[in-house]
Amino acid sequence: MAASSSSFASLGLLLLAAAHCAVLLALAGAAHGHPPVAGDGLSSAFYDESCPNAYDVVRRVIQDARVTDPRIPASLIRLHFHDCFVQGCDGSLLLDDDLPEIQSEKNVPANDKSARGFPVVDDIKGALEHACPGIVSCADILALAAEISVELAGGPRWRVQLGRRDGTTTNIESAKNLPNFFDPLETLQEKFRNVNLDDTDLVALQVPVHAQNCTGGQEDGALENLDQVTPNRFDNKYYGNLLQGRAQLPSDQVMLSDPVAAATTAPIVHRFAGNQRDFFKNFAVSMVKMGNISPLTGSDGEIRQNCRRVNSKGY
């Protein structure tokens, strides 16, 4: 698994494309024969005592960043997708190259010139390290930033499950196999099933996966508005576009046109197009499910001091 024109309805494209928009395929766990597991040990109250202001700190940094970069919330949501769908929600996407041990996932086709917002994540981490040093993981920062970004764009709120720890490795093979936007529906369904996500999740998560503007592998700033109706709002207009045949990516329209769609995804598209409240409810549930993909908890992993480096490498 940007810009004022950065639509949250287009965020999904950046997630589902092989060249830069994507949402998953081979989780490290799946690649090694281990099925992804739910988020054992995660809790919405995880930082209530150790860092009670964590949510407010993250929100403040994102609000400040939006002043000069209105597309940053959409970009932050996409980072959470790209992280969770490769090796689980462990912050691996945030690691920079540190060869030979660490090869960054940022440089694979699905992320190169499209995954953005890393300096804002650095700012969030710096603010949290000032408020409560060594407490909040980078993986949890991405989860919090995604929920706050959706809510700031007019979307639903949900209680973010927290307690993830940060990984110390990347998975380039998995990152290279994020779903391609030319994938037929059955391939997309299989990729979602590989991480315990169903057809409702697939359809619900296409808004943040396809509604934001996408650089298409071009230089940052060369953007295409994939949602012509409400490009800066998080809403259900994306599904109305599909029903009118206005999808701009093959991986969008297959949810209606693919031979297997009539009995699987098409009814869900129609339902979400006609009922924004129903879409919001299901989207929030799907985000929690996605955030529970193979997290590191307990004594696994670490709490990085710098989201770009494992602790043994320092700053």
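Thresholds, definitions, all that
- Residues numbered from 1 in each chain as written.
- Predicted model: local features only at pLDDT ≥ 70, side-chain atom pairs only at ≥ 80, totals over all residues.
- Heavy atoms only, no water.
- Helix = DSSP H or I, 4+ residues; strand = E, 2+ residues; numbered from the N terminus.
- Buried < 20%, exposed > 50% of the residue type's maximum accessible area, 1.4 Å probe, protein only.
- Areas by Shrake-Rupley, 256 points an atom, 1.4 Å probe, with all protein chains shown as cover.
- pLDDT = per-residue confidence, 0-100.
- Contact = heavy atoms within 4.5 Å.
- Expected span 1.5 Å × (residues − 1).
- Core = buried A, V, L, I, M, F, W, Y, C linked by side-chain atoms within 4.5 Å.
- Polar contact = N/O pair within 3.5 Å; in protein donor to acceptor, adjacent residues only side chain to side chain.
- Disulfide = S-S within 2.5 Å.

Draft legend 1. Broad picture of the overall build of the protein. In terms of regular secondary structure, the protein is built from 14 helices and zero strands. The order of helices and strands in the protein, counted from the N terminus, is α-α-α-α-α-α-α-α-α-α-α-α-α-α. By residue count, 60% of the 315 residues in the protein fall in the buried class. Here the protein displays about 12,000 Å² of accessible surface, and carbon together with sulfur accounts for 49% of that area.

Draft legend 2. Just the confidence of the model for the protein, in detail. Mean pLDDT over the protein works out to 82, with 78% of the residues at or above the 70 mark. Per-element averaging of pLDDT across the protein places helix α2 (residues 28-31) at the bottom with 33 and helix α5 (residues 118-131) at the top with 98. Taken as a whole, residues 1-39 scores under 50 in pLDDT and shows 214 contacts with residues more than four places along the chain or in a different chain.

Draft legend 3. Focus on helix α4 (residues 72-84). The first and last C-alpha atoms of α4 sit 19 Å apart over 13 residues, in line with the 18 Å expected at 1.5 Å per residue. Within α4, 13 of the 13 residues are buried, leaving the element largely enclosed by the surrounding structure.

Draft legend 4. Examining the environment of V288 more closely. Relative to the assigned elements, V288 resides in helix α14 (residues 276-291). Distance in space between the C-alpha atoms of V288 and A143 is 9.1 Å, their sequence separation being 145 residues. Leaving out residues up to four positions away in the same chain, V288 has contacts with W158, R159 and Q161.

Draft legend 5. Spatial organisation of the nonpolar core. With 76 residues, the main nonpolar core has L128 and Y239 as its most contacted residues. With ten residues, the single largest contributor to this core is helix α6 (residues 138-152). Here Y239 is in contact with V203, A204, V207, V269, F272, A273 and F279, once residues within four sequence places are set aside.

Draft legend 6. Expanded view of the side chain of N236. As for its position among the elements, N236 is in the loop between α10 (206-210) and α11 (237-243). Looking at N236, its side chain comes within polar contact range of the main-chain oxygen of F272, at 3.0 Å. Apart from the residues lying within four places of it in its own chain, the contact partners of N236 are F272, A273, N275, Q276 and F279.

Draft legend 7. Layout of the state of the cysteines. Within this structure, the stated rule accounts for three disulfides. The partner cysteine of C51 in its disulfide is C132, sulfur to sulfur 1.9 Å. One disulfide, between C51 and C132, carries an S-S torsion of -50 degrees and so falls in the left-handed class. Taken together, the positions of C51 in the loop between α2 and α3 (54-68) and C132 in the loop between α5 and α6 put the pair 81 residues apart, joining distant regions of the chain. One exposure class covers both C51 and C132, and it is buried.

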